[in-house]
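# Structural characterization, general
Here is how the chains run, residue by residue.
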Amino acid sequence: MGRLRRKRMHKNIRDTKRKFRTKRRTKDMDQIHDDLKEPSKLTDQPVDYDLPGAGQYYCVECARYFTDGTSQEEHVKSKLHKRRLKELKNVPYTIEESERAAGLGSYHIKITKGKHAEITGQSE
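Not measured: the values here are computed from a predicted model.

## Comments concerning the packing of aromatic side chains
- Applying the stated criterion to the full structure yields 1 aromatic pair.
- Aromatic pair Tyr58 and Tyr65: ring centres 4.6 Å apart, planes at 50°, arrangement tilted.
- Judged by its relative accessible area of 8%, Tyr58 falls in the buried class.

Dropping the structure here:
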């Protein structure tokens, strides 16, 4: 018998790795927090036929377009949407906070959003 052929599994092919890494890239949490300050700008978009559902069905929290209203309603009931809402309750990081985490001050944070959200620390 002859030698078995080696499987081609996209090993060490840079373009394929980059394609899979960036194919379904979504917005980061701090970008979504910025979008939540003015959600009407994203929910009341003009008709754009290049987007799914002509750009009329958009979930601001998940940064996703949907083809129709029923699929958007199903998405709102899903675990993925509820997880994203839970993640968005956390306070987004600031530049001052990242400097304190890097060692330029003391770093203590409470991660809930609302009345009790406080960042305590002294910058040096």
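## Examining the environment of Lys89
- Looking at where Lys89 falls in the secondary structure, it is placed in the loop between helix 5 (79-88) and helix 6 (95-101).
- Separated by 56 residues in the primary sequence, Lys89 and His33 have C-alpha atoms spaced 9.7 Å apart.

## Remarks on unusual backbone geometry
- Within the chain, Ala54 stands out as a residue other than glycine whose phi angle is a positive 60°.
- Relative to the helices and strands, Ala54 resides in the loop between helix 3 (40-43) and strand 1 (58-59).
- The residue Ala63 is not glycine, and still its phi comes out positive at about 60°.
- Looking at the secondary structure, you find Ala63 in the loop between strand 1 and strand 2 (64-65).
- Owing to a relative accessible area of 18%, Ala63 belongs among the buried residues under this scheme.

## Thoughts on the pattern of salt bridges
- According to the stated counting rule, one finds 2 salt bridges in the structure shown.
- The salt bridge partner of Lys27 is Asp35, with a shortest N-O separation of 2.5 Å.
- Residue Lys27 is classed as partly exposed on the basis of its relative accessible area of 30%.
- For Asp35, a relative accessible area of 16% corresponds to the buried category.
- Of the charged contacts, one joins Asp34 and Lys37 as a salt bridge, the two residues approaching to 3.7 Å between their closest N and O atoms. Pair noted here: Asp34 and Lys37 are both in helix 2 (residues 29-37), with a separation of 3 residues, about one helical turn.
- Residue class for Asp34 comes out partly exposed when judged on its relative accessible area of 48%.

## Some points on helix 5
- Along helix 5, the residues that are buried comprise His81, Arg84 and Leu88. Taken down its axis, helix 5 places every buried residue within 60° of arc, on the same side. Facing away from the buried surface of helix 5 by more than 90 degrees, the exposed residues are Lys79, Lys82 and Lys86.
- Lining the buried residues of helix 5 we find helix 2, strand 1 and helix 4 (69-76).

## Observations regarding the side chain of His75
- One can find His75 in helix 4.
- Relative accessible area serves as the criterion here: at 7%, His75 is assigned to the buried category.
- In contact with His75, other than residues within four places in its own chain, are Cys59, Cys62, Arg64, Phe66 and His81.

## Examining the state of the cysteines
- Applying the stated criterion to the full structure yields 0 disulfides.
- You can see Cys59 has no disulfide; the closest cysteine sulfur is in Cys62, sitting 3.8 Å from it.

The rules behind the values
Residues numbered from 1 in each chain as written. Predicted model: local features only at pLDDT ≥ 70, side-chain atom pairs only at ≥ 80, totals over all residues. Heavy atoms only, no water. Phe/Tyr/Trp six-rings, centres within 6.5 Å; stacked < 30°, edge-to-face > 60°. Buried < 20%, exposed > 50% of the residue type's maximum accessible area, 1.4 Å probe, protein only. Helix = DSSP H or I, 4+ residues; strand = E, 2+ residues; numbered from the N terminus. Salt bridge = Lys/Arg side-chain N within 4 Å of Asp/Glu carboxyl O. Arc of directions from axis to C-beta. Contact = heavy atoms within 4.5 Å. Disulfide = S-S within 2.5 Å.

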